[in-house]
Every structure is written in C-alpha cells, then in structure tokens.
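# Understanding the architecture of this molecule
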Amino acid sequence: MSEIRVASRYAKSLLELAAEQKVLDQVHDDMLQFSKVCDENRDFYLVLRNPIINHDKKRAILGKVFKGANKLTLAIFDIITRKNREAYLPAIAKEFHNKYNAYKGIEEATVTTAIQLDASLRKEMEAMVKKVSNLDKVELTEKIDEDIIGGYVLTVGDQQIDDSLRTKLKALNLKFSQNPYIKEF
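One structure accompanies this document, and this report is about it. (Residues numbered from 1 in each chain as written. Predicted model: local features only at pLDDT ≥ 70, side-chain atom pairs only at ≥ 80, totals over all residues. Heavy atoms only, no water.)

## With respect to unusual backbone geometry
- Although it is not a glycine, Asn84 sits at a positive phi angle of roughly 60°.
- Summarising the element assignment, Asn84 is placed in the loop between helix 5 (71–82) and helix 6 (89–104).
- Of note in the backbone geometry, Ile149 takes a positive phi value of approximately 70° without being a glycine.
- Counting through the fold element by element, Ile149 comes out in the loop between strand 2 (137–144) and strand 3 (151–156).
- You can call Ile149 partly exposed: its relative accessible area is 49%. (Helix = DSSP H or I, 4+ residues; strand = E, 2+ residues; numbered from the N terminus. Buried < 20%, exposed > 50% of the residue type's maximum accessible area, 1.4 Å probe, protein only.)

Structure representation (structure tokens):
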C-alpha cells in the first residue's frame, strides 16, 4: 500500500477519535510539533525510517521526545510503532494537518513575494484567498523569492494567481519577439 494511503487512513482515524474525545486542537498541535521536529532534525527523521533500529527503541525515543504530548497522540505513536509503521509517522502528521484544515474549514494558501509582507499586505492577501476559496479562515504561508522582482504569486489549492513582475517581463519579451512586420521564412 502506498505511503499516502496509509497516512490518510491513520490520519482520518486519529482525527475522528480526537474530535470524539474533544482533544482535536491539542492533537493537532502535537502533530504540528512532530512535523516541525522531523523537518528540523534530519537524524530524528532518519531514525524513524531506519529498519535496523528496533521498534521498541523508536517507541522509547518518541515517548521521551514527546513526553508532554496528549495521551491520544502518545497512543497513536505507540500503536504505529507496535505495527512497525513508524516510517509513516511524518506523512501521517502532514496528512492529519490537511484533514484538520478541511474539517475546520481552513484554506491553505502560499504567497511568494520579493520582500517580506507587512500587516496590511498580509491582510489583503488573506482577503483575496477568502474571496477565491469562499472560506472564512485562511492559513497563509509566506515565501520570499527575489527572482520574481516584484508583485506576488498566490497559490490557493490548485489555483495560482501570478501577478509578478518576472512573469509580466517574460510576456512582454515574448510579445516583442513576435514582430508582425517582419516576414518569417
């Protein structure tokens, strides 16, 4: 079975159980923390994926690193390590975040700009995302790419609004390269 399918099934079950026990926000915070640890600490990530390291050892590491986590989070870590599927944990955490956002009606969007957004620009981008997605809550991720020169590239789901100076210059360059007055052979 593919990693995405396994992660999706565990994440869905965890979401339903957390919502039933009314600890959804705490479990979501734990999963965000877990994803952050995996992203920032490559050694931790590699330990989870290493088939040579004993599963009990991995369970002990998870227990010590996340000792302040919610009981349900620790229980899912325990279940997954007992089933020898701890390599799927990073994917499960990311998929849980996606399912949490869908459950809460939160739209994820990414804005790429040449400079850091200030509060008013951030508010404008959030309003634009709300208009495009018809949802009231927005989780906006900012990326800085100086190559776009100016403007922004906004990605909401599978839609992309490219209002960057780089794209406009490329379009202008293409338009100038097509001269209708010169006969092409």
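Read on for the rest.
## Some remarks on the pairing of strand 3
- Bridging between strand 1 (residues 106–113) and strand 3 involves five bridges; their strand directions are antiparallel. Residue pairing for strand 3: Thr110 is matched across the bridge by Thr155.
- Counting the residues between successive antiparallel strands, the hairpin from strand 3 to strand 4 (residues 159–164) contains two residues, one of them, Gly157, with a positive phi of roughly 65°. (Pairing = 2+ DSSP bridges.)

## Considerations on the side chain of His97
- Relative to the helices and strands, His97 resides in helix 6.
- Judged by its relative accessible area of 12%, His97 is buried.
- When sequence neighbours within four positions are dropped, the list of residues in contact with His97 reads His28, Leu32, Glu108 and Glu139. (Contact = heavy atoms within 4.5 Å.)

## Thoughts on the packing of aromatic side chains
- In the structure shown here, the tally under the stated rule is five aromatic pairs.
- Measuring from ring centre to ring centre gives 5.5 Å for Phe34 and Phe66, while their planes differ by 45°; the resulting arrangement is tilted. Residue Phe34 is located in helix 2 (residues 24–40), and its partner Phe66 is located in the loop between helix 4 (55–65) and helix 5; the two are separated by 32 residues in the primary sequence. Taken as a pair, Phe34 and Phe66 share a single burial class, namely buried.
- Taking the centre distance of 5.6 Å and the plane angle of 55° together, the rings of Phe66 and Phe77 count as tilted. Here Phe66, found in the loop between helix 4 and helix 5, pairs with Phe77, found in helix 5; they are 11 residues apart in sequence, far enough to count as distant. Take Phe66 and Phe77: they sit in the same class, and that class is buried. (Phe/Tyr/Trp six-rings, centres within 6.5 Å; stacked < 30°, edge-to-face > 60°.)

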